[in-house]
Amino acid sequence: MSAPQSQAPLATPPHSPTEEAMRLALQAAQPARPGHFDELRGSSSSATGGGAPAALTPLWQAFLEATGTAGWLDCAHKHERVRHRVREDGATYNVYDDGGQPERAWPLELLPMLVSAQEWRHIETGVQQRAKLLNACLADVYGPGTLLAQGLLPPQLVLRHPQYLQAVHGLQPAGDVWLHLLAFDLIKGPSGQWCVAGQRTQAPSGLGYLLENRLVIAPQFPEAFKAMAVQRLAGSFRSLLQGLMRLSPQGERARVALLTPGPLNETYFEHSFLARYLGITLVEGPDLTVRDDQLFLKTLHGLERIDVLLRRVDDDFLDPLELRADSTLGVPGLLQALRCGGVVLANVPGVGWLESPGLHAFWPGVAQGLLGEPLQLPSTESWWCGEAAVWQRMQPQLAGQVVAPTFPGSGGLLANGPVTLEQLSPEQQHALLAQMQQDPAAFTLLARVQPSQTPVWTAGQLQPRGAVLRVYALSDGQGGWQVLPGGLTRIGRAGDLGTGGWLSMQQGSASADTWVLTDGPVDDTTLLPQALTDADLLGARRPVASRSAENLFWLGRYTERAENALRLMRCALDTLGAKQRGRLAPAVLQAVDTLCRQLSLLPWEAPAAAQDPQAVSQALLRGARGAPGLYSLAYNLQAMQQCAQALRDRLSTEQVQLLQGLQQRLAQALPPPDHAHSAAEQPAPPTSADALSALSRTATDLAAVTGMQTDRMTRDDAWRLLSVGRQIERLDFHCQVLAQAFDTGAVHDEDGFALVLALFDSTITYRAQFQSRREVLALLHLLVRDTDNPRSLAWVARTMRERFVKLARHQPTWAAQVAAQQPQPDQWPMATWFAPGQPPDTAALLAQLGEASAQARQLCVEIERGLFAHVHGGQQVVWQ
């Protein structure tokens, strides 16, 4: 038997796609800072030493296994897709003082924050306990007051807080639920243990951004999202709505609205986004009114009952009758409606004092006193300086702590949040210490914490950044709490250690999607609506809130004003140019001069056009660029943009973008003056040819806006309101044009005749019907009585009346009375006033034109009173 032959050694297999992805990730991963927990490697960075990098955690191994090498190598394209999707969604985070940039794109990182099922169970249990504790604490403080009487909470810390509201004392909220939605900011320390750094109880933000993060990031890693069994969010949002409606006597029929401070608020995007997702109405304070201790939404068709109000307005501004008298964001009488059970308000006012960092050290004792159990999630260590012994002990240790304001609105050195002494100059340190000595209770010291660092993809590298996780507890309306399986993870900037756990979106932090894994079934709940029946479709209508209605009305008016101003400016510049060339009748020049002043394109103190046409041309151009006191072209374009901003949920993205670009393009062609420099240093004004070219491009853009309003908007009440606004302005402008043309006699001059046709945008129509004939009666027939001409007074007035009557069809008697007071130019006796062979009765025409203008302006007043404010008569409830 022969000896066995030795086998050749096996070749080393190439890296599998999974191994290759993990190898590439490890190569790209920078270590976390010493003393911080490394989310990528699953340990404190000090434990990795200086040798080979530690292996990835099982979570990140699973993520990379599902993503694969191709997915890892595609991260650059994924990152760009994320940025594009955020821009496409219009996701913004507004900053009040951002160097003139009113909006910033929502900062979203590519890689998610991963939380294991085991970790989440611990977080969930601790957050549910905290939510129960805070709700019980509010019931006690605004009720029997045992916590204050027994010293478990220092009275000064509670009663001195500006968000402790005496007006809420004794209130019995529906279901004894004070907090329907609250948020906790969690930090994972170097040991890997979670602790609570803060809580948001007044009007917690972030739910809308959390949802946006999920909708953007999950599609970038679909394989990983499915393979890792990431828990979904829709079930929690549905539970939030169900819990709110359960507390209302109306139950499932309850009407829910979300109260926003408005488009200028820093988180307005999420208000609008969340309202659309939940299928509830987005409202502002002026949209609402309290009648008979019940809350109503003012709509075009009357008052609609609101049963539940999810608020994003701070306590002080909710009710100007009982809180801040100067507030325009709230609703007068809202607190009384709450006391009487006329509305469920989430959250109840007066809960903001729970956010004070000075309370951290007292929560363990309160938990024992109210719940009889220890806290499962500890707070970060803190010391309220209002206790004399604490202040005396901590003074020598100030350099090692973070100084935070105990109460909001501290201003000064703490206006932007907590600080450490090394962040301040010696003079600032001295000033802060003096303030602390004078009023120690106004300050709280926080221990420095080192939040865990999660990987952030940056140009092919994985950079560790500090992370703070905000999680949300939602009341079920029956005394229980559900924790949304996810959260809003805030990511620090490069080099930002998040000292004290204070990572601020205002200060430039970013966000990340939060993937909570489950070892059970993934919730397949959806908020997509059920299929509509034929009966649902036949009875469906979209209500128009009074605020939206007013913005639509003014969008129509400003659009028409901009077109009129633009058309008049182009004609005026041509007319003034002709005057400088020495061929123009004085009557025509006088008509143009007066019209420009009436429309506020020229200041009344400007020189007369007949005296100095060149100076008037330059004054017109200055006005077009924007000048104080003038309702110029630039003013109207800016007003259109502001209306569109408030109507983002009703206008197409293309229309909003076009409106935003209008003013920018005009400013580029006709740059406004730089008030920081003297007149001698100003750039040379544009020539008339350049100005006319710029105005021509603006006219094309405005024609596109008109086309979108005419062709791309549903013919509902919102569109009718916009259209009525346009017709009112058109009728008023055209009446002024005809009045000036006949009053000055310009209409009898060839240039004046052409000017009137140009301002009516009817030159081609007149030539088609009357060729080269220049007859006043023919002109009046086309511009006044011809109901086929959409620019004629008769067509405009008829259209305005008909659309107004349809708008106000819910109040037919009032609508008929108002419509009967509107002009009917097709009935004017034009043949009598301008009979051949007889002297023209110009005075009668001028009187009729003046009356028509006044009637059009009066219609604005009637619409304001009857459709927006609902003060013209008795209360009409159309939905209850």
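My aim in this report is to walk through the structure given alongside it, one point at a time. (Residues numbered from 1 in each chain as written. Predicted model: local features only at pLDDT ≥ 70, side-chain atom pairs only at ≥ 80, totals over all residues. Heavy atoms only, no water.)

**Some points on the pattern of salt bridges**
- Evaluation of the coordinates by the stated rule reveals 31 salt bridges.
- Between R305 and D307 there is a salt bridge; the shortest N-O distance is 3.7 Å. The same class applies to R305 as to D307, namely buried.
- Shared partners join several salt bridges into a network, and the residues in it are E560, E563, R567, R726 and R730. (Salt bridge = Lys/Arg side-chain N within 4 Å of Asp/Glu carboxyl O. Buried < 20%, exposed > 50% of the residue type's maximum accessible area, 1.4 Å probe, protein only.)

**Let's talk about the sheet that holds strand 11 (residues 308-311)**
- Here we have 4 strands laid out as an open sheet, ordered 7-6-11-12, and parallel in their pairing. Every interior strand has two partners, whereas the edge strands, strand 7 (281-283) and strand 12 (344-346), have only one. Shown here is a sheet whose adjacent strand axes are inclined to one another by a mean of 25°, direction ignored.
- Pairing of strand 6 (residues 256-259) with strand 7 involves 3 bridges; the strand directions are parallel. Bridge pairing in strand 7 places L258 opposite L282. (Pairing = 2+ DSSP bridges. Helix = DSSP H or I, 4+ residues; strand = E, 2+ residues; numbered from the N terminus. Axes fitted to C-alpha atoms, helices over the stretch in contact; angles between N-to-C directions.)

**Considering the pairing of strand 17 (residues 453-458)**
- Here strand 17 lies mainly inside the structure; 5 of its 6 residues are buried.
- Here strand 17 folds back onto strand 18 (residues 461-475) in antiparallel fashion, the turn holding 2 residues, of which A459 has a positive phi close to 50°.

**As for the sheet that holds strand 16 (residues 443-447)**
- Ordered in space as 13-16-14-15, the 4 strands form an open sheet in which the pairing is antiparallel. Each end of this open sheet is capped by a strand with a single partner; those strands are strand 13 (382-384) and strand 15 (419-420).
- Relative to strand 16, strand 14 (residues 401-405) runs antiparallel, the two being bridged by 5 bridges. Bridge pairing in strand 16 links V402 to L446.
- Across the sheet, helix 14 (residues 426-438) touches strand 14, strand 15 and strand 16, and the angle it forms with strand 16 is around 115°. (Contact = heavy atoms within 4.5 Å.)

**Regarding the side chain of S236**
- Take S236: it is sitting in helix 9 (residues 234-246).
- For S236, the side chain forms a polar contact with the side chain of Q482, separated by 3.0 Å.
- Aside from chain neighbours lying at most four places away, what touches S236 is L474, Q482, V483, L484 and P485. (Polar contact = N/O pair within 3.5 Å; in protein donor to acceptor, adjacent residues only side chain to side chain.)

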